[in-house]
Amino acid sequence: MTDKATVSFRELCRELPVQTGLFSFGPVAIGLAQLWNGLAHGTTVSFHALFAVVMVAFAVLVTRYHLATFRLDKLERT
């Protein structure tokens, strides 16, 4: 592997800001909104907290996949 093949999250944000925002920060925002919704309405917090944790895990997995495909695209360009 060459040094040209390494990519960072910052580089991904610069080149694809909309996709990075949707894939990385969108699920986290939805999880936090659901958690706040549960707190505001006085329902069981454990269910909403579990949903928020699952959404954060989903965001991590999707971001890693997005970073891997971005790296492959960068390798194909060089």
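Source: prediction; values computed, not measured.

Colleague: How do you make sense of the overall build of the protein when you look at a structure like this?
Modeller: When helices and strands are tallied, the protein shows three helices and zero strands. Each helix and strand of the protein, placed in order from N terminus to C terminus, yields the pattern α-α-α. The globule rule puts the C-alpha radius of gyration for 78 residues at 12 Å, and the 16 Å found for the protein is more than 25% above it. Dimensions of the protein, computed from the C-alpha atoms along their principal axes, are close to 55 × 20 × 15 Å. Expressed as a percentage of its 78 residues, the buried residues of the protein come to 23%. Summarising the internal contacts of the protein: among those between residues at least 6 apart in sequence, 69% fall at separations of at least 24. With an accessible surface of roughly 5,700 Å², the protein has 69% of that area assigned to carbon and sulfur atoms. Averaged over its 7 positive side-chain charges, the protein has a centre that lies 5 Å from the centre of its 5 negative ones.

Colleague: Mind showing me how you'd approach the packing of helix α2 (residues 17–41) against helix α3 (residues 45–77) here?
Modeller: Between α2 and α3, whose axes approach to 8 Å, the crossing angle comes to 175°. With respect to their mutual orientation, α2 and α3 come out roughly antiparallel. Of the residues in α3, those in contact with Gln-19, Thr-20, Phe-23, Ser-24, Pro-27, Val-28, Ile-30, Gly-31, Gln-34, Leu-35, Gly-38 and Leu-39 of α2 are Val-45, His-48, Ala-49, Phe-51, Ala-52, Met-55, Val-56, Phe-58, Ala-59, Val-62, Thr-63 and His-66. A per-class count over the contact of α2 with α3 returns 15 nonpolar, nine polar and no charged.

Colleague: Honestly, the packing of aromatic side chains in this entry has me stumped. Any pointers?
Modeller: Each aromatic ring pair is specified by the distance between its two centres and by the angle formed by the two planes. Summed over the entire model, instances satisfying the criterion amount to one aromatic pair. Aromatic pair Phe-9 and Phe-25: ring centres 6.2 Å apart, planes at 80°, arrangement edge-to-face. Here the residue Phe-9 occupies a position in helix α1 (residues 9–15), and Phe-25 occupies one in helix α2, the gap between them amounting to 16 residues. A residue is classified by how much of its surface remains accessible, and Phe-9, at 33% relative accessible area, is partly exposed.

Colleague: Where do I start with the side chain of His-66 in this structure?
Modeller: Checked against the element boundaries, His-66 lands in helix α3. Once residues lying within four places of it in the same chain are set aside, the contact partners of His-66 are Leu-12, Leu-16, Gln-19, Thr-20 and Phe-23.

Colleague: Whenever I open this one, the environment of Phe-25 confuses me. Can you help?
Modeller: When the C-alpha positions of Phe-25 and Glu-15 are compared, they lie 16 Å apart, and in sequence the two are 10 residues distant. Leave out the neighbours within four places in its chain, and Phe-25 touches Phe-9 and Thr-20.

Colleague: Quick question: what am I supposed to make of α2 here?
Modeller: For the α-helix, the turn length of 3.6 residues means that residues three or four positions removed from each other point alike. Across its 25 residues, α2 extends 34 Å between first and last C-alpha, which sits within 8% of the 36 Å expected from 1.5 Å per residue. All buried positions along α2 are accounted for by Thr-20, Ser-24, Pro-27, Gly-31 and Gly-38. Here the buried face of α2 lies against α1 and α3. Positive phi shows up at Gly-42, right after α2, with a value of about 70°.

Colleague: I would appreciate a short explanation of the confidence of the model for the protein in the present structure.
Modeller: Caution applies to low-pLDDT parts of the model: their predicted coordinates are not meant to be read in detail. With 94% of its residues at a pLDDT of 70 or more, the protein has an overall mean of 90. Per-element confidence in the protein is highest for α2, whose mean pLDDT is 94, and lowest for α1, whose mean pLDDT is 92.

So, how was this worked out
- Residues numbered from 1 in each chain as written.
- Predicted model: local features only at pLDDT ≥ 70, side-chain atom pairs only at ≥ 80, totals over all residues.
- Heavy atoms only, no water.
- Helix = DSSP H or I, 4+ residues; strand = E, 2+ residues; numbered from the N terminus.
- Rg over C-alpha atoms; globule rule 2.2 N^0.38 Å.
- Buried < 20%, exposed > 50% of the residue type's maximum accessible area, 1.4 Å probe, protein only.
- Contact = heavy atoms within 4.5 Å.
- Areas by Shrake-Rupley, 256 points an atom, 1.4 Å probe, with all protein chains shown as cover.
- Lys, Arg positive; Asp, Glu negative; His and termini not counted.
- Charge placed at Lys NZ, Arg CZ, Asp CG, Glu CD.
- Axes fitted to C-alpha atoms, helices over the stretch in contact; angles between N-to-C directions.
- Parallel < 35°, antiparallel > 145°, perpendicular 65-115°, else oblique.
- Nonpolar A, V, L, I, M, F, W, Y, C, P; charged D, E, K, R; others polar.
- Phe/Tyr/Trp six-rings, centres within 6.5 Å; stacked < 30°, edge-to-face > 60°.
- Expected span 1.5 Å × (residues − 1).
- pLDDT = per-residue confidence, 0-100.

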